[in-house]
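Survey of secondary and tertiary structure
Okay, here's what each chain looks like letter by letter:
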Amino acid sequence: MERVFECNCIEDTEEIAKRLAAVTKPGAVIALDGDLGCGKTAFTKGFAKALGVKEPVVSPTFTIFQVYEDGALPLYHFDVYRIEDPEEMYELGYEEYFYSKGVTVVEWADMIKELIPADAVHILMENDPAKGFDYRKITISCEGELSI
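The rules behind each value
- Residues numbered from 1 in each chain as written.
- Predicted model: local features only at pLDDT ≥ 70, side-chain atom pairs only at ≥ 80, totals over all residues.
- Heavy atoms only, no water.
- Helix = DSSP H or I, 4+ residues; strand = E, 2+ residues; numbered from the N terminus.
- Expected span 1.5 Å × (residues − 1).
- Buried < 20%, exposed > 50% of the residue type's maximum accessible area, 1.4 Å probe, protein only.
- Contact = heavy atoms within 4.5 Å.
- Phe/Tyr/Trp six-rings, centres within 6.5 Å; stacked < 30°, edge-to-face > 60°.
- Lys NZ or Arg CZ within 6 Å of the ring centre and 35° of its normal.
- Pairing = 2+ DSSP bridges.
- Axes fitted to C-alpha atoms, helices over the stretch in contact; angles between N-to-C directions.

Over its twelve residues, helix α2 (residues 40–51) runs 17 Å from end to end, which matches the ideal 16 Å to within 8%, given 1.5 Å per residue. For α2, the buried fraction is high: nine of the twelve residues fall into the buried class. By the burial criterion, the buried members of α2 are Lys40, Thr41, Ala42, Phe43, Thr44, Gly46, Phe47, Ala48 and Leu51. Buried-residue contacts for α2 involve α1 (10–23), β2 (29–34), β4 (75–79), β5 (103–107), β6 (121–127) and β7 (136–141).

Structure (structure tokens):
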């Protein structure tokens, strides 16, 4: 299944994230990709808010991952931009999070594509400056159906 959304503001991006959060099941992995500044963290913030996460959600670029447990489901937020070798993920114990009862969001997922589960939801976020600074094209793909 593949769905394409066009967003013209941050609120549109957050709405797509909210709709995805409403249908996400425990154990899901969401693989986010796109250029720097395309809205991956904004999407994750909207997703976290929809799950009921109260604490501030920030990009864990330097810490690699952040755990939020105060929502409807635990949220494990990875930013693997600084991972130089997928083997580093084993040192972080990524499997404990990817295969848990929570939801895992991975920014820059393509950098560890061999570790992303086959049933992950893949999201590609793209800018188009010709359509405006806040424009985002969001392509969501996964195996099976996804009603968002």
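This paragraph deals with unusual backbone geometry. Phi is positive for Ile64, which is not a glycine, with a value near 75°. Given the relative accessible area of 12%, Ile64 is considered buried. Even without being glycine, Trp108 reaches a positive phi, approximately 65°. Relative to the helices and strands, Trp108 is located in the loop between β5 and β6. Residue Trp108 is classed as buried on the basis of its relative accessible area of 15%.

Below, the discussion takes up the packing of aromatic side chains. Summed over the entire model, instances satisfying the criterion amount to eight aromatic pairs. Note on Tyr94 and Phe98: the rings are 4.8 Å apart at their centroids and 85° apart in plane angle, and the pair reads as edge-to-face. With Tyr94 and Phe98 both in helix α4 (residues 94–98) and four residues apart, the pair spans about one turn of that helix. In this structure Tyr94 comes out as buried when scored by relative accessible area, which is 3%. An aromatic cluster of three or more residues is present, and its members are Phe65, Tyr76, Phe78, Tyr90, Tyr94, Tyr97 and Phe98. The positively charged end of Lys40 is found above the aromatic ring belonging to Trp108, 3.9 Å away from the centroid.

With that out of the way, let us pick up the sheet that holds β7. Reading across the sheet, the seven strands line up as β1-β7-β6-β2-β5-β4-β3 and stay open at both edges, with mixed pairing between neighbours. Each edge of the open sheet carries a strand with a single partner, namely β1 (2–7) and β3 (65–68). Strand-to-strand twist in this sheet, taken as the mean axis angle between neighbours without regard to direction, amounts to 15°. Where β6 lies against β7, six bridges are found, and the strand directions are antiparallel. Among the inter-strand pairings, Ile123 is bridged to a residue of β7, identified as Ile140. Relative to β1, α1 is tilted by about 150°, and along the sheet it contacts β1, β2, β6 and β7.

Purely spatial values, then, with no claim about function.
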